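Chain by chain, the residues:
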Amino acid sequence: MDFKGRDFLRILDFSEAELRYMLDVAKKFKEMKHARQNHKYFPNKNIAVIFEKTSTRTRCAFEVAGYDLGMGVTYLDPTGSQMGHKESIADTARVLARFYDGIEFRGFKQETVDELARYSDVPVWNGLTDSCHPTQALADFMTMEEKLGGLRGKTLAFVGDTHNNVSNSLMAMSAKMGVNYIACGPTALKPSDEIIAACQPIAEKNGCTITVTNDINVLNGVTDAIYADVWLSLGEDKEKWGERIQQLQPYRVTMEMINAAKPGAIFLHCLPSFHDLNTSIAKDVYEKFGISEMEVTNEVFESEHSVVFDEAENRMHTIKAVMYLTLNDKN
Ligand code: CP
Ligand code: NVA
């Protein structure tokens, strides 16, 4: 398998075998990290991590994974570089590629990360765009495999805003890994025809299904994992809160939903999550719209079904695997 020098821009760019290998390498890194085994394989490499949108997990995962691999890491915050304001993406890419061995980018348009990759001759890793979140999907599948004891033939249901970045990457990952995918949400927020058209033939080839529905009862008795994400993604207009709440309230993940799924079903969330009133946004929403829980009830979030913090930890191991494989001279 040849990973050296490749970008990690979207799940669909990789074969099932390559994704499988990434998960296996992530598992090894997790074991090494837990055993406190040194794995500073790249003491002479440096990476830049660029964030046009804010982040906790993705930023920290790239930074810690970078340090664990022995690399130097430069963080550029949403306003911390000339990129896009004073210097084009193409010029920035060519400059950074002279300094760094790899570049992570989180931002709005997928075209920006694609352009960075086109103009830089070092690997570029997608840390989330409006259209996908591929490193998230890797961590989610690592977590599902750990908790469910396998992937092929399992059923994952994403409940809520099914046309968002996380759902897009999960649909692609499901199709590649032989997992049945249910996108359950209001018809107005259904996945784009393009993403379905791209994933459907892959799913068919792998013997799994993609179901798009607005009926939460479709999950009953068949679902091994239920996934929720925020109702309004980073960069979306705050004016949309009212409309989204109205559309998505019936799709809040509740204990009834979990109990109606398969026995032992797990709950996943990419985080951050609005499951209580302990954030300023949740408080604002409560004052304006009177709801104290959004995409998931606090009961589910804090229950034994919830694997969200293992999932968050796995961001770091999977991102480390992606960097290791694409930077490794021996691959
Ligand atoms: N899940 C995730 O990407 O979290 P951050 O926005 O904190 O990076
Ligand atoms: N859909 C969310 C994911 C956050 C990790 C967003 O884009 O804000």
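Data block above holds the structure.
What this report covers is the structure whose coordinates are included nearby. (Residues numbered from 1 in each chain as written. Chains lettered and ligands numbered in written order. Predicted model: local features only at pLDDT ≥ 70, side-chain atom pairs only at ≥ 80, totals over all residues. Heavy atoms only, no water.)

## A short note on the overall build of the chain
Move 1: The helix and strand inventory of the chain stands at 12 helices and nine strands.
Move 2: In terms of C-alpha radius of gyration, the chain reaches 19 Å, essentially the compact-globule figure of 20 Å for 331 residues.
Move 3: When the backbone C-alpha atoms are referred to their principal axes, the chain occupies close to 55 × 40 × 40 Å.
Move 4: When the 331 residues of the chain are sorted by exposure, 56% land in the buried category.
Move 5: A sequence separation of at least 24 residues applies to 76% of the contacts in the chain between residues at least 6 apart.
Move 6: As displayed, the chain has an accessible area near 14200 Å², and 49% of this comes from carbon and sulfur atoms. (Helix = DSSP H or I, 4+ residues; strand = E, 2+ residues; numbered from the N terminus. Rg over C-alpha atoms; globule rule 2.2 N^0.38 Å. Buried < 20%, exposed > 50% of the residue type's maximum accessible area, 1.4 Å probe, protein only. Contact = heavy atoms within 4.5 Å. Areas by Shrake-Rupley, 256 points an atom, 1.4 Å probe, with all protein chains shown as cover.)

## Side note on the site of ligand 1
Move 1: Looking at ligand 1, the residues that line it are Ser-55, Thr-56, Arg-57, Thr-58, Arg-106, His-133, Gln-136, Cys-270, Leu-271 and Arg-315.
Move 2: In this structure, Arg-57 approaches ligand 1 through a side-chain N or O atom, which is 2.8 Å from an oxygen atom.
Move 3: With respect to ligand 1, the side chain of His-133 contributes an N or O atom lying 2.8 Å from an oxygen atom.
Move 4: Protein coverage of the free-state accessible area of ligand 1, which is 250 Å², stands at 94%.
Move 5: The residue inventory of the shell around ligand 1, partitioned by class, reads two nonpolar, five polar and three charged. (Near = heavy atom within 4 Å. Polar contact = N/O pair within 3.5 Å; in protein donor to acceptor, adjacent residues only side chain to side chain. Nonpolar A, V, L, I, M, F, W, Y, C, P; charged D, E, K, R; others polar.)

## Observations regarding the site of ligand 2
Move 1: All residues in the neighbourhood of ligand 2 are listed as Leu-128, His-133, Asn-164, Asn-165, Val-166, Asp-229, Val-230, Ser-233, Leu-234, Cys-270 and Leu-271.
Move 2: Taking Asn-165, its side chain carries an N or O atom lying 2.8 Å from an oxygen atom of ligand 2.
Move 3: Relative to its unbound accessible surface of 270 Å², ligand 2 loses 95% to contact with the protein.

## What to know about the sheet that holds strand 2 (residues 72-76)
Move 1: The parallel open sheet is built from four strands, whose spatial order is 2-1-3-4. What marks the edges here is a single partner per strand, and that holds for strand 2 and strand 4 (124-126). Going from strand to strand, the sheet's axes swing by 20° on average, the running direction of each strand aside.
Move 2: Here strand 3 (residues 102-106) pairs with strand 4 via three bridges, running parallel. Following the sheet pairing, Glu-104 is matched in strand 4 by Trp-125.
Move 3: The sheet strands contacting helix 2 (residues 57-68) are strand 1 (46-51), strand 2, strand 3 and strand 4, and the helix crosses strand 1 at an angle near 175°.
Move 4: Together, strand 1, strand 3 and strand 4 form the strand contacts of helix 12 (residues 308-327), whose direction differs from that of strand 4 by roughly 155°. (Pairing = 2+ DSSP bridges. Axes fitted to C-alpha atoms, helices over the stretch in contact; angles between N-to-C directions.)

## Thoughts on the packing of aromatic side chains
Move 1: With the rule as written, the count across this model stands at 12 aromatic pairs.
Move 2: Each ring, one from Phe-8 and one from Phe-14, has its centre 5.3 Å from the other, and the planes form 40°; the classification is tilted. Like Phe-8, the residue Phe-14 is buried in the burial classification.
Move 3: An aromatic cluster of at least three residues, connected via ring pairs, comprises Phe-29, Tyr-41, Phe-42 and Tyr-324.
Move 4: Lys-45 extends its terminal NZ or CZ atom over the ring of Phe-42, reaching a point 5.4 Å from the ring centre.
Move 5: Lying over the aromatic face of Tyr-75, Arg-59 brings its terminal NZ or CZ to 3.4 Å of the ring centre. (Phe/Tyr/Trp six-rings, centres within 6.5 Å; stacked < 30°, edge-to-face > 60°. Lys NZ or Arg CZ within 6 Å of the ring centre and 35° of its normal.)

## Some thoughts on the sheet that holds strand 9 (residues 266-269)
Move 1: Read from one edge to the other, the open sheet built from five strands follows the order 7-6-5-8-9, with strand pairing classed as parallel. Single-partner strands in this sheet number two, and they are strand 7 (210-213) and strand 9. In this sheet, neighbouring strand axes are inclined to one another by 20° on average, regardless of whether the strands run parallel or antiparallel.

## Some points on the environment of Pro-78
Move 1: Along the chain, the position of Pro-78 falls in the loop between strand 2 and helix 3 (89-99).
Move 2: Distance in space between the C-alpha atoms of Pro-78 and Phe-51 is 5.1 Å, their sequence separation being 27 residues.
Move 3: When sequence neighbours within four positions are dropped, the list of residues in contact with Pro-78 reads Phe-51, Glu-52 and Lys-53.

## Considerations on helix 1 (residues 16-34)
Move 1: When the terminal C-alpha atoms of helix 1 are compared, their 27 Å separation across 19 residues agrees well with the 27 Å that a helix rising 1.5 Å per residue should span.
Move 2: If you check which residues of helix 1 are buried, you get Glu-18, Leu-19, Met-22, Leu-23, Val-25, Ala-26, Phe-29, Lys-30 and Met-32.
Move 3: Here the buried face of helix 1 lies against helix 5 (134-148), helix 6 (165-177) and helix 12. (Expected span 1.5 Å × (residues − 1).)

## Brief notes about the pairing of strand 2
Move 1: Bridge count between strand 1 and strand 2: five bridges; the pairing is parallel. In the sheet register, Ala-48 faces strand 2, and the bridge partner there is Thr-74.
Move 2: As a crossover connection, the stretch from strand 1 through helix 2 into strand 2 is right-handed. (Right-handed = clockwise from strand over helix to strand, strands pointing away.)

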